[in-house]
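Letter by letter, the chains look like this.
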Amino acid sequence: MERERKRKWLRRLPAVLALAFLAPAVLLWTVFHIYYREFYRAASAAFPIPGLAENFVPQGIESCGNGEFLLSGYISTSGFSRLYYISADGAARFIRVVDQEGNSLSSHSGGICTNGPYTYLAGGRGRCYVLSSADIFDQTSHEANVLGVLETDNAASFCCLTEDHLLVGEYEYGRFRTAASHHITTPSGDRNTAVMLSYPLDGTKPFGVEPEPDRAYSLPGRIQGACATDDGRIVLSASSFLNSSQLLLYDRQSVVQGSHGIYWNDGSPIPIFFLDTGSCVDVLHLPPYSEEAVYVDGRVYVLFESAANRFQFGKFTGGQYLYRLRLPEWEQPDESSAP
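Residues numbered from 1 in each chain as written. Predicted model: local features only at pLDDT ≥ 70, side-chain atom pairs only at ≥ 80, totals over all residues. Heavy atoms only, no water.

Trainee: Summarise a nonpolar patch on the surface; cite the residues concerned and give the values.
Mentor: A contiguous nonpolar patch, built from Leu27, Val31 and Tyr35 and spanning about 350 Å² of accessible area, is present on the exposed surface. Here Leu27 is to be found in helix H1 (residues 2–35). (Patch = residues over 30% accessible without salt bridge, like charges linked within 9 Å, V, L, I, M, F, W, Y side chains within 5 Å. Areas by Shrake-Rupley, 256 points an atom, 1.4 Å probe, with all protein chains shown as cover. Salt bridge = Lys/Arg side-chain N within 4 Å of Asp/Glu carboxyl O. Helix = DSSP H or I, 4+ residues; strand = E, 2+ residues; numbered from the N terminus.)

Structure below.
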């Protein structure tokens, strides 16, 4: 009798272990989908993020048109940069970034954006790498060569394009420190701690961009990415360790027509504009660990790093997908000026 009881218990053991494993995961999924229910109701999954099983940590996203995207990030176990080109059917092609010495680029690669023959990759430590777009868009290619480096007067954590400028911003929070001169009290009384620099695009210049910025933007801390919409808003993606993420929405016209100051870029004065509570028109709350965002055809696509092997918990909350959502309606100003 006793032996039979033991046999029954042993037969049930796999089910008990499976339940013990699944229960916390189900609880975590439930808590996230209740607490962030507004996000999950408004957003839909566009496609799975590739490379997570190979220790890829996603950081940046760019739309390449026709439903195709470019993702940037790094491999947590090696520190090497990694790109993925996502086709419209969801197929992913990995791309190794090769430095000017022919080695794999070692960089905490952040945001990414493309400008004709050049692709810009924020590499941290004041370096925005310029890659060959031809390498990236070649469907048979698995390598992208670094053509040069744009040295910036900030940490160069993320980047994006507007109609006529390359914007390179920096992340500030915790151990990620920025220069003391970037800590500014804004006209609204906010204490901003990061700077985004704006470089004019110029096809006659090396790498398609002026080497010096013509304006700057003061940003709050925790900013992981930025993009501009076609209805006059600036979107900042904000996140930090174990805190909720936010999409901060700003009125572009209020930013550029409001009070501004002087920023000294490597000894030269340029105007600096402020993204603060005075120009913020809405805040959307998201799950933790949002990264870069991009605006495409009326929707914002948001990338998360929470499902990377480095962090894990996003595997149980839906963080393994790129999400898209429409922004809330707002009353657009009669006139707007782009950054």
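Trainee: Residues and numbers for the sheet that holds strand S5 (residues 92–98), please.
Mentor: Each strand in a sheet pairs with another by means of backbone hydrogen bonds, the pair being arranged parallel or else antiparallel. The 8 strands are arranged S2-S3-S4-S5-S9-S8-S7-S6 in an open sheet whose pairing can be described as mixed. Strands at the two margins of the open sheet, each flanked by one partner only, are strand S2 (56–65) and strand S6 (112–115). Each strand axis lies, on average, 30° off the axis of its neighbour in the sheet, ignoring direction. (Pairing = 2+ DSSP bridges. Axes fitted to C-alpha atoms, helices over the stretch in contact; angles between N-to-C directions.)

Trainee: Requested: an account of the sheet that holds strand S23 (residues 299–304), with residues and values cited.
Mentor: The strand order S1-S24-S23-S22 describes an open sheet built from 4 strands, whose pairing is antiparallel. The two strands at the open ends of the sheet, each matched to only one other strand, are strand S1 (44–48) and strand S22 (290–296). This sheet shows a mean twist of 25° between the axes of neighbouring strands, independent of strand direction. Examined bridge by bridge, S22 and S23 share 5 bridges and lie antiparallel to one another. Bridge pairing links Ala293 to Val302 in S23.

Trainee: So, the pairing of strand S17 (residues 233–238): which residues are in play, and what are the values?
Mentor: Burial within S17 is extensive, with 6 of its 6 residues counted as buried. Neither face of S17 is exposed, since Arg233, Val235 and Ser237 on one face and Ile234, Leu236 and Ala238 on the opposite face are all buried. The pairing of strand S16 (residues 223–228) with S17 spans 5 bridges and is classified as antiparallel. Bridge pairing links Ala228 to Ile234 in S17. Hairpin geometry of S16 and S17 is characterised by an intervening segment of 4 residues between the two adjacent antiparallel strands and by a positive phi of about 90° at Gly232. Of the pairings in the sheet, the one linking S17 to strand S18 (residues 245–251) comprises 6 bridges and is antiparallel in character. Paired with Ala238 across the strands is Gln246, a residue of S18. (Buried < 20%, exposed > 50% of the residue type's maximum accessible area, 1.4 Å probe, protein only.)

Trainee: Give a detailed account of the pairing of strand S20 (residues 268–274), specifying residues and quantitative values.
Mentor: Two faces belong to every sheet, and in a regular strand the side chains alternate between them. For strand S15 (residues 215–219) and S20, the ladder comprises 3 bridges, and the chain directions are parallel. What sits directly across from Ala216, in S20, is Ile272. In this sheet, S20 lies alongside strand S19 (residues 260–265) in antiparallel orientation, the contact comprising 6 bridges. Bridge pairing links Ile262 to Pro271 in S20.

Trainee: Describe the packing of aromatic side chains, naming the residues involved and giving the relevant values.
Mentor: What the rule picks out here adds up to 17 aromatic pairs. Through a chain of ring-to-ring contacts, the aromatic side chains of Phe32, Tyr35, Tyr36, Tyr289, Phe311 and Phe313 assemble into a single cluster. (Phe/Tyr/Trp six-rings, centres within 6.5 Å; stacked < 30°, edge-to-face > 60°.)

Trainee: Which residues make up the pattern of salt bridges, and what values do they have?
Mentor: A side chain with one charge can pair with a side chain of the opposite charge if their charged atoms come near. Enumeration according to the criterion identifies 6 salt bridges in this entry. Glu172 is the salt-bridge partner of Arg177, the closest N and O atoms lying 2.9 Å from each other. Arg177 sits in the exposed class, given a relative accessible area of 54%. Relative accessible area serves as the criterion here: at 8%, Glu172 is assigned to the buried category.

Trainee: So what's going on with the nonpolar core? Which residues, and what values?
Mentor: Judged by nonpolar contacts, the single largest core of 21 residues is most densely connected at Phe39, Val235, Leu247, Leu286, Val300, Val302 and Leu325. Broken down by secondary-structure element, the contributors of at least two residues to this core are helix H2 (37–42), S18, strand S21 (280–286), S22, S23 and strand S24 (321–325). Ranked by residue count, the leading element in this core is S23, at 3 residues. What Leu286 contacts, discounting residues up to four positions off in sequence, is Tyr36, Phe39, Ser244, Ser245, Gln246, Leu247, Val302 and Phe304. One finds Val130, Leu166, Leu197 and Ala216 within the second-largest nonpolar core, a separate group that totals 20 residues. (Core = buried A, V, L, I, M, F, W, Y, C linked by side-chain atoms within 4.5 Å. Contact = heavy atoms within 4.5 Å.)

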